[in-house]
Number of protein chains: 2
Amino acid sequence: MSALEEKRTGGVTLYDGKILKLCVDDVTLPDGSPAKREIVRHNGGAAVLLVENGEILLVRQYRYAYLEETLEIPAGKLERGEDPLVAAARELREETGYSAKLYPALDIYPSPGYTDEIIHIYFAAEPQRGEQKLDKGEFLNVVRIPLGEAVKMISDGKIKDSKTVAAILKYVADNGIKF
Amino acid sequence: MSALEEKRTGGVTLYDGKILKLCVDDVTLPDGSPAKREIVRHNGGAAVLLVENGEILLVRQYRYAYLEETLEIPAGKLERGEDPLVAAARELREETGYSAKLYPALDIYPSPGYTDEIIHIYFAAEPQRGEQKLDKGEFLNVVRIPLGEAVKMISDGKIKDSKTVAAILKYVADNGIKF
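Conventions and cut-offs
Residues numbered from 1 in each chain as written. Chains lettered and ligands numbered in written order. Predicted model: local features only at pLDDT ≥ 70, side-chain atom pairs only at ≥ 80, totals over all residues. Heavy atoms only, no water. Least-squares fit on C-alpha atoms with pLDDT ≥ 70 in both. Pairing = 2+ DSSP bridges. Helix = DSSP H or I, 4+ residues; strand = E, 2+ residues; numbered from the N terminus. Salt bridge = Lys/Arg side-chain N within 4 Å of Asp/Glu carboxyl O. Buried < 20%, exposed > 50% of the residue type's maximum accessible area, 1.4 Å probe, protein only. Axes fitted to C-alpha atoms, helices over the stretch in contact; angles between N-to-C directions. Phe/Tyr/Trp six-rings, centres within 6.5 Å; stacked < 30°, edge-to-face > 60°.

(A) Focus on the relation of the copies chain B and chain A. Relative to chain A, chain B is turned by 180 degrees and slid 0.0 Å along the rotation axis, the superposed coordinates differing by an RMSD of 0.0 Å. Taken together, the rotation and translation describe the operation of a two-fold axis. When C-alpha distances to the rotation axis are compared across chain B, the minimum falls at Pro110(B), with a value of 2.4 Å.

(B) Seen up close, the pairing of strand E3 (residues 34-41) of chain B. Residues and elements named next belong to chain B. Relative to E3, strand E2 (residues 21-28) is paired through eight bridges, and the arrangement is antiparallel. Bridge pairing in E3 links Asp 26 to Lys 36. With antiparallel pairing between neighbouring strands as the criterion, E2 and E3 make up a hairpin whose turn holds five residues, including Gly 32 at a positive phi of roughly 90 degrees.

(C) Examining the pattern of salt bridges more closely. Residue and element names in this part refer to chain B. Following the criterion strictly, the structure yields 32 salt bridges over all chains and no others. For Arg 41, the salt bridge goes to Asp 25, with nearest N and O atoms at 3.9 Å. Here the residue Arg 41 occupies a position in strand E3, and Asp 25 occupies one in strand E2, the gap between them amounting to 16 residues. The partly exposed category is assigned to Arg 41, whose relative accessible area is 25%. Put simply, Glu 126 and Lys 101 hold a salt bridge, and the shortest N to O gap is 3.7 Å. Highlighted residues: Glu 126 in strand E9 (residues 119-128) and Lys 101 in strand E8 (residues 99-108), separated in sequence by 25 residues.

(D) Focus on the sheet that holds E3(B). Residues and elements named next belong to chain B. Spatial ordering of the open sheet is given by E1-E2-E3, a layout of three strands whose pairing is antiparallel. Looking at the sheet topology across the chains shown, the edges are occupied by strand E1 (7-16) and E3. The mean angle between the axes of side-by-side strands here comes to 20 degrees, regardless of whether they run parallel or antiparallel.

(E) Looking closely at the packing of aromatic side chains. In this structure the tally under the stated criterion is four aromatic pairs over all chains. Judged by centre distance (3.6 Å) and plane angle (10 degrees), the ring pair of Tyr66(A) and Tyr109(B) falls under stacked. Of this pair, Tyr66(A) sits in the loop between strand E5 (55-63) and strand E6 (68-72) while Tyr109(B) sits in the loop between E8 and E9, on two different chains. On the basis of relative accessible area, Tyr66(A) is assigned to the buried category, the value being 10%. The exposure class assigned to Tyr109(B) is buried, which follows from its relative accessible area of 4%. Here Phe123(B) and Tyr171(B) contribute two aromatic rings whose centre-to-centre distance is 5.5 Å and whose plane-to-plane angle is 85 degrees, an arrangement assigned as edge-to-face. Pair noted here: Phe123(B) is in strand E9 and Tyr171(B) is in helix H3 (residues 162-174), with a separation of 48 residues, a long-range link. For the pair Phe123(B) and Tyr171(B), one class covers both residues: buried.

This is the structure we're talking about:
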């Protein structure tokens, strides 16, 4: 046990929904005192950065939590226990029509204070264009943005989604690109 | 109303806790069909990237959601309606003892599918060392990591926190640093 570890002593699941569960657990802190932990349980997500001819593929969609449209790389939730690579390929195909070779780029923890979600980000190579096939109830537009403009849109606050920011800046860092 | 907008028709707050609320809202989709939206409501967070002599300041803490220790830039939750700059300065001071001039770097949406949290990230300049003053029930260690090593730790999956990944890679991009 690490000196910082918190040990579970009990807890309840307050909600078990379609995309998340909410659990409130009782824990013992490193000094022995009790505390509550409010935790969102989530199957995780998979996302793909596809760069083609210097442009990246983004999807514009309405995000009800913010009451606004966002620009994000193609992504979706994992089925329980699903291989994130399989989910990434599926979401890319459904949302944009593209298939591609996918390489693991990085995993991120979106907000570790209260969610256990892991977002698995892939970089795409050798893209092949196909037909978009959205899920029922899914509404989005695919847009193509030059990489340098996307980097500027991060600075300007026009791209805010954490997986999209991480993917674009990681790609720029990996490829030693300077704008 | 944009072509992608979802319109609220009702909803309930299922939990109102210490760090988050859980709401399940009824919405109407762009094609007129009904859907549910499971949304975590959160006051938002503020975080600071401080680079001193080529090293960045990170805090190592236990994250119960993942049952592991993480490395993250100093950060904390906003009080309701609080100026994120004030929160960022407070969290930097409490967690690390440092005060500094803070400049807005970027805001991120950690997981826009289900949370309305906004994380406001600042870059620090002219750091002044002081005394760490942790909140009751807060346990963490401050570590200093050379910037290039931190970038490598993102590639190696040793730094996964989204705000930390975004802050470090944005700093590297802004300063045209190549590793």
